[in-house]
Amino acid sequence: MRKILTLFLLVFVSFVKAQDTIHKIDGNVVVGKITEINNSDVKFKMYNSDISVTESKSNIHHIVYTNGLKEFYNTSAGTRYTAPENTTIYTPMTTPIVSEKKYGNNIISLNFFETIFTNFGFSYEHILPNGNFSFKIPISFGLGSKPFESNYNGTSENTDYMRNKIYGTGLEFNIYPVKAERSGFYVGLSGEYGQFNYFQAVYPVGNNYIGTYPYAKYVGTHYAGMFHLGGFVGLTDNLLLGAKAAVGYKRQETILDDYTRFKCTLDLTMSYRF
């Protein structure tokens, strides 16, 4: 019986030595795993529980750490430390590691607004690891099923390029004021380049009126620079619904003249993030 008791005491002493020991002014001893010490409190964990126990430093005489280091508090004159009477034992628990949820940094989007003008538009966006900056490459192609064959005069503002688009591309830079996670919003600058078809009536030489004139098709060049504001909402961690509005200026070059005019655009997108 004595041997069993001795073995039990040795195991108990070894267990206690493996813990951080808090010696309180009132004589009690708390054995556990310290997770945090701030200016006023000491925090430690209980076994198999996420509850954090907090003890004020004003109640602590000293702490003995597992490596044998002692840290003293309240040792000024008048503070009395007595031998421990009761011992509350807390088994060690490592500080839980809270992992931040990771969202993909790459987004592929389909632009539904382009389909109104019978175009196919998509884009690729890469968000930097800090989540506050990205660049995007949009690409679109005209499907040619709804050509606008009116006599071109450069005054149809924003729709001539969209209705008769051959192709378009560009580069966008976005700033996310709040880190882009499941949802986000951004502001940025974008540049665009593309080509489009336009039509011109072929008038006969002289003043012979023939009633109608044939139209010839030409290729114009489109440039644009814009400021934009947009955002997206995560339907899931991977599926996003987004919108973007942009304003700026466009320049269109044709055989008739070069035009610089105000430009505005709207994008409605469904995206996959990975």
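Structure: see above.
Described in the following lines is the structure provided in the data block. What you see as residue numbers is a count from 1 along each chain, following the sequence as written. In keeping with the model being predicted, local features are shown solely for residues with a pLDDT of at least 70 and side-chain atom pairs are shown and tallied solely at 80 or more, while totals for entire chains, interfaces and linings include all residues. For the side-chain quantities, the full set of heavy atoms in the structure was used; hydrogens and water were omitted.

**Let's talk about the overall build of the protein**
Quick note on the threshold: Only runs of H or I of at least four residues qualify as helices and only runs of E of at least two qualify as strands under DSSP, and these elements are numbered from the N terminus. We call a residue buried when its accessible area falls under 20% of the maximum for its residue type, exposed when it is over 50%, and partly exposed in between, using a 1.4 Å probe and counting protein chains only. Residues count as neighbours in contact if any of their non-hydrogen atoms are within 4.5 Å of one another. All accessibility values rest on the Shrake-Rupley procedure with a 1.4 Å probe; residue burial counts only the protein chains present in the view.
Within the protein one finds three helices and 15 strands. By residue count, 35% of the 274 residues in the protein fall in the buried class. Contacts in the protein between residues far apart in sequence, at least 24 positions, make up 59% of those at least 6 positions apart. Carbon and sulfur atoms make up 61% of the accessible area of the protein, which amounts to about 16400 Å² in all.

**Section: the layout of surface pockets**
Rolled over the atoms, a probe with the dimensions of a water molecule shows which regions are left empty. Rules: A cavity here means a set of points on a 1 Å grid, drawn over the protein atoms and nothing else, where a 1.4 Å probe fits but cannot get out; a pocket is an open set with protein on both sides within 12 Å along at least five of seven lines, and a residue lines either one if it has an atom within 4 Å of a point. Grid points are joined across faces, edges and corners, and a volume is the space filled by probe spheres set on the points. As a working rule, the residues Ala, Val, Leu, Ile, Met, Phe, Trp, Tyr, Cys and Pro are called nonpolar, Asp, Glu, Lys and Arg charged, and the rest polar, with Gly in that last group.
Taken as a whole, the largest pocket holds about 610 Å³ of empty space. Considering the residues around the largest pocket, the lining is formed by 44 residues, among which Asn 111, Pro 138, Glu 172, Lys 244 and Asp 267 are closest to the centre. Broken down by element, the lining of the largest pocket gets its largest block of residues, seven residues, from strand E15 (residues 258-273). Looking at the lining of the largest pocket, its residues break down into 18 nonpolar, 17 polar and nine charged. Quantified by volume, the second largest pocket comes out at close to 150 Å³. In terms of lining, the second largest pocket is formed by 13 residues, of which the most central are Lys 102, Tyr 103, Asn 105, Pro 129 and Lys 179. Classifying every residue of the lining of the second largest pocket gives five nonpolar, two polar and six charged.

**Re the packing of aromatic side chains**
To be explicit about the condition: Only Phe, Tyr and Trp rings take part, Trp by its six-membered ring, and two of them pair if their centres are within 6.5 Å. Stacked means planes under 30 degrees apart, edge-to-face means over 60, and tilted covers everything else.
The tally for this structure, following the rule as stated, stands at 15 aromatic pairs. For the pair Phe 196 and Tyr 198, a centre-to-centre distance of 6.0 Å together with 45 degrees between the ring planes defines the contact as tilted. Note on accessibility: Phe 196 and Tyr 198 belong to one class, buried. Relative to Tyr 218, the ring of Tyr 198 lies with its centre 5.6 Å away and its plane at 25 degrees, an arrangement referred to as stacked. Of the two residues, Tyr 198 is situated in strand E12 (residues 184-201) and Tyr 218 in strand E13 (residues 215-234); the sequence distance between them amounts to 20 residues. The rings of Tyr 152, Tyr 161, Phe 196, Tyr 198, Tyr 218 and Tyr 259 are connected pair by pair, giving a single aromatic cluster.

Function cannot be read off these values alone, since they describe shape.
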